[in-house]
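Residues per chain are reported as follows:
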Amino acid sequence: MLVCTAIFYAAALEIEEDPFGVGMEPYVFPMAICYVLGAITVLLLAVSARRALAEGLFIGGSQELRLFFGWVLPMSGIAFAYLGLINLFQYLLPTIVILSATLALFGNRGVKWLIVIPTGASLVYYVVFFGIFRLLEPTGIILQYDNFFIFGAMRKFIGI
């Protein structure tokens, strides 16, 4: 949560001042939210650390630490990798890869679970939301394509 708050805070610093604005500037509210989120996160982290020390959770062999390192950290890594990959390759390819990685983390094996289901589910979602409903997706840094040219004829055919 602190990393996400820091990212949003850095983005809030990029908001320009309105030279003719009266009252609260456009960047004040997002920065205030970041301060509140940061404070709440630090407070919750301190309370959790105090309770963990009181219950002896940091003593070796704790089941909670094994769960944290075995499940929470890998899922956090998958989430941050997904955000980075979307920035590089747009939506479809990272969704297939990350869905496959998530299924593998939860013990699914085989071609059906790691290739067919992620590819099929991602394609259906992509066609419905980015094709038919024309959701806009930011272009990737490495791979760039405009889904208007992919789905334009289909949307015209169904009258959208």
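Up top you'll find the structure we're talking about.
Residues numbered from 1 in each chain as written. Predicted model: local features only at pLDDT ≥ 70, side-chain atom pairs only at ≥ 80, totals over all residues. Heavy atoms only, no water.

1. Brief notes about the overall build of the protein
The following threshold applies: Helix and strand assignments follow DSSP, with helices taken as H or I runs no shorter than four residues and strands as E runs no shorter than two, numbered in order from the N terminus. Using C-alpha atoms as the atom set, the radius of gyration is obtained and then compared with a globule rule of 2.2 Å times the number of residues to the power 0.38. Accessibility here uses a 1.4 Å probe with only protein chains present; expressed as a share of the type maximum, an area under 20% marks a residue as buried, one over 50% as exposed, and anything in between as partly exposed. In what follows, a contact means two residues having at least one pair of non-hydrogen atoms within 4.5 Å.
Each helix and strand in the protein was counted, giving six helices and zero strands. Scanning the protein from its N terminus toward the C terminus, one meets helices and strands in the order α-α-α-α-α-α. On C-alpha atoms alone, the protein measures out to a radius of gyration of 22 Å, which is more than a quarter above the 15 Å that the 2.2 N^0.38 rule sets for 160 residues. Reported as C-alpha extents along the three principal axes, the dimensions of the protein are approximately 65 × 60 × 25 Å. Residue burial in the protein is summarised as follows: out of 160 residues, 20% are buried. Long-range pairs, those at least 24 residues apart, make up 48% of the contacts in the protein between residues at least 6 apart in sequence.

2. Structural notes on helix α6 (residues 147–158)
What counts, and what does not: Every helix has an expected span of 1.5 Å times one less than the residues it contains.
Taking 1.5 Å per residue as the helical rise, α6 with its 12 residues ought to reach 16 Å, and the 16 Å between its terminal C-alpha atoms agrees with that figure. Structurally, α6 contributes buried residues whose contacts are with α5 (111–132). Looking one or two residues past α6, Gly-159 carries a phi angle of roughly 85°, positive in sign.

3. What about the packing of aromatic side chains?
Condition: Geometry of aromatic contacts follows a simple scheme: Phe, Tyr and Trp rings, the Trp one being its six-membered ring, pair when their centres are within 6.5 Å, and the pair is stacked under 30 degrees between planes, edge-to-face over 60, tilted otherwise.
Taken as a whole and judged by the stated rule, the model has 10 aromatic pairs. Ring plane angle 40° and centroid distance 4.8 Å describe the contact between Tyr-91 and Phe-130, whose orientation is recorded as tilted. Highlighted residues: Tyr-91 in the loop between α3 (63–89) and α4 (92–105) and Phe-130 in helix α5, separated in sequence by 39 residues. Accessibility assignment for this pair places Tyr-91 and Phe-130 in one class, buried. Centre to centre, the rings of Tyr-126 and Phe-130 are 4.9 Å apart; their planes meet at 25°, and the pair counts as stacked. Pair noted here: Tyr-126 and Phe-130 are both in helix α5, with a separation of four residues, about one helical turn.

4. Quick look at unusual backbone geometry
Positioned with a positive phi, Gln-90 is a non-glycine residue whose angle comes to about 70°. Position of Gln-90 relative to the elements: it lies in the loop between α3 and α4.

5. So, the side chain of Ser-100
Tracing the backbone through its elements, the reader meets Ser-100 in helix α4. On the basis of relative accessibility, which here comes to 16%, the residue Ser-100 falls in the buried class. Every residue in contact with Ser-100, bar those within four places of it in the chain, is listed here: Leu-114 and Pro-118.

6. Considering the nonpolar core
Taken as a class, soluble globular proteins show a tendency for nonpolar side chains to be buried jointly. So the rule is basically this: Working definition of a nonpolar core: buried Ala, Val, Leu, Ile, Met, Phe, Trp, Tyr and Cys residues. They are joined through side-chain atoms within 4.5 Å.
Counting residues in hydrophobic clusters, the biggest one holds six residues: Tyr-91, Leu-92, Ile-96, Tyr-126, Phe-130 and Phe-151. Every element with two or more residues in this core is listed here: α4 and α5. The residues touching Tyr-91, leaving out its near neighbours within four places in the chain, are Tyr-82, Ile-86, Tyr-125, Tyr-126, Phe-130, Glu-137 and Tyr-145.

7. Side note on the side chain of Glu-137
To be explicit about the condition: Neither His nor the chain ends is counted toward charge; the positive residues are Lys and Arg and the negative residues Asp and Glu. We count a salt bridge whenever a side-chain nitrogen from Lys or Arg sits within 4 Å of a carboxyl oxygen from Asp or Glu. Think of a polar contact as two N or O atoms within 3.5 Å of one another; within protein, one of them needs to be a possible hydrogen donor and the other a possible acceptor, and neighboring residues in sequence only count if both atoms come from side chains.
In this fold, Glu-137 is placed in the loop between α5 and α6. We note that Glu-137 is buried and unpaired, the nearest opposite charge coming from Arg-134 at a distance of 7.2 Å. Among the polar contacts listed, one links the side chain of Glu-137 to the backbone nitrogen of Tyr-91, at a separation of 3.3 Å. If near-sequence neighbours (up to four positions away) are discounted, Glu-137 is found in contact with Gln-90, Tyr-91, Tyr-126, Phe-130, Tyr-145 and Asn-147.

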